[in-house]
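Residue-level listing of the chains:
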Amino acid sequence: MRSLLRLVPASLLLFVLASAATVGAFAQTPMGAETPPMGWNTWNKFACNVDEALIRTATDQLVASGMKEAGYHYIVIDDCWHGERDPKGNIQPDPRHFPSGIKALADYVHAHGLKFGIYTDAGTKTCQNRPGSRGHEFQDAMQYAAWGVDYLKEDWQTSSRVRMITASA
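Residues numbered from 1 in each chain as written. Predicted model: local features only at pLDDT ≥ 70, side-chain atom pairs only at ≥ 80, totals over all residues. Heavy atoms only, no water.

A. Structural view of the pattern of salt bridges. The full count for this structure, using the stated rule, is three salt bridges. Here Asp78 and Lys153 are joined by a salt bridge, their closest N and O atoms 2.5 Å apart. Residue Asp78 is found in the loop between strand E3 (72-77) and strand E4 (82-85), and its partner Lys153 is found in strand E7 (residues 151-155); the two are separated by 75 residues along the sequence. Given a relative accessible area of 3%, Asp78 falls into the buried group. For Asp107, the salt bridge is made with Lys103, and the minimal N-O distance between the two is 3.0 Å. Of the two residues, Asp107 and Lys103 both sit in helix H5 (residues 102-111), four residues apart, roughly one turn of that helix. (Salt bridge = Lys/Arg side-chain N within 4 Å of Asp/Glu carboxyl O. Helix = DSSP H or I, 4+ residues; strand = E, 2+ residues; numbered from the N terminus. Buried < 20%, exposed > 50% of the residue type's maximum accessible area, 1.4 Å probe, protein only.)

Structure (structure tokens):
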């Protein structure tokens with residue numbers, strides 16, 4: 001079996017995290033962080049073809065290949081991990097693709113010394129028509145924290161709240 005990294009070199013990418021942890025690291029270190037936060041994201045190679053087996057394999061490969069030691073510490077599931085919201089409005093993972101749940105997956109990633117991230121949209125739907133966070137921002141943040149999510153990738157692809165800002169002369 002070929003390694004995952006040989007199958008997905010284009011999806012192994014650097015990303016800068018606009019998070020409190022990143023800002024804090026830069027604020028506390030006069031010269032900035034030694035490296036920018038780096039990791040692997042599912043979207044470029046797999047798009048919506050994601051499941052927990054893929055994430056576990058990517059986690060294993062990131063460690064076995066030496067990428068973790070090189071500074072790649074994040075495993076991020078992009079769009080399509082979402083299931084529906086439960087009757088109380090709580091976001092749920094897709095039960096077919098993530099039957100063990102997101103908490104179990106985050107625990108697996110953490111057990112390998114890595115950090116875990118997922119994706120949402122600021123609108124009511126994600127780019128792939130999954131539930132977005134609009135109207136559920138606090139509730140979703142609490143759920144992500146309970147699952148052990150270290151990083152949230154959020155975009156505004158479907159949000160009507162995006163406005164063009166122009167400078168007046």
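B. Layout of the environment of Glu84. Within the secondary structure, Glu84 is located in strand E4. Taking the C-alpha atoms as reference points, Glu84 and Pro95, eleven residues apart in sequence, are found 9.3 Å from one another. If we ignore the near neighbours within four places in the chain, the residues touching Glu84 are Asn90, Ile91, Gln92 and Pro131. (Contact = heavy atoms within 4.5 Å.)

C. Here's a closer look at the state of the cysteines. Scanning the model with the defined rule gives one disulfide in all. One disulfide bridge connects Cys48 with Cys80, the sulfur atoms lying 1.6 Å from each other. Taken together, the positions of Cys48 in the loop between helix H3 (43-46) and helix H4 (52-64) and Cys80 in the loop between E3 and E4 put the pair 32 residues apart, joining distant regions of the chain. Residue classification places Cys80 among the buried residues on the basis of a relative accessible area of 2%. In this structure Cys127 is a free cysteine whose sulfur lies 9.1 Å from that of Cys80, the closest cysteine sulfur available. Cys127 gets classed as partly exposed once you look at its relative accessible area, which sits at 39%. (Disulfide = S-S within 2.5 Å.)

D. Summary view of unusual backbone geometry. At Cys80, a position not held by glycine, the phi torsion is positive, near 90°. Despite not being glycine, Asn129 has its phi angle at roughly 65°, a positive value. Among the secondary structure elements, Asn129 is positioned in the loop between strand E6 (115-121) and helix H6 (137-147). Judged by its relative accessible area of 56%, Asn129 is exposed.

E. Structural context of the packing of aromatic side chains. What the rule picks out here adds up to five aromatic pairs. Ring geometry for Trp81 versus Trp147: centroids 5.7 Å apart, planes at 85°, classification edge-to-face. With Trp81 in the loop between E3 and E4 and Trp147 in helix H6, the pair connects residues that are 66 residues apart, well separated along the chain. Here Trp81 and Trp147 have matching classes, each one buried. Seen in terms of ring centroids, Tyr144 and Trp147 are 6.0 Å apart; in terms of plane orientation they differ by 45°. Their pairing is tilted. Of the two residues, Tyr144 and Trp147 are both situated in helix H6; the distance of three residues between them amounts to about one turn of the helix. Of the two residues, Tyr144 and Trp147, both sit in the buried class. Members of the aromatic cluster, each reached through a chain of ring pairs, are Trp81, Tyr144 and Trp147. The positively charged end of Arg56 is found above the aromatic ring belonging to Tyr108, 4.6 Å away from the centroid. (Phe/Tyr/Trp six-rings, centres within 6.5 Å; stacked < 30°, edge-to-face > 60°. Lys NZ or Arg CZ within 6 Å of the ring centre and 35° of its normal.)

Structural measurements only, silent on function.
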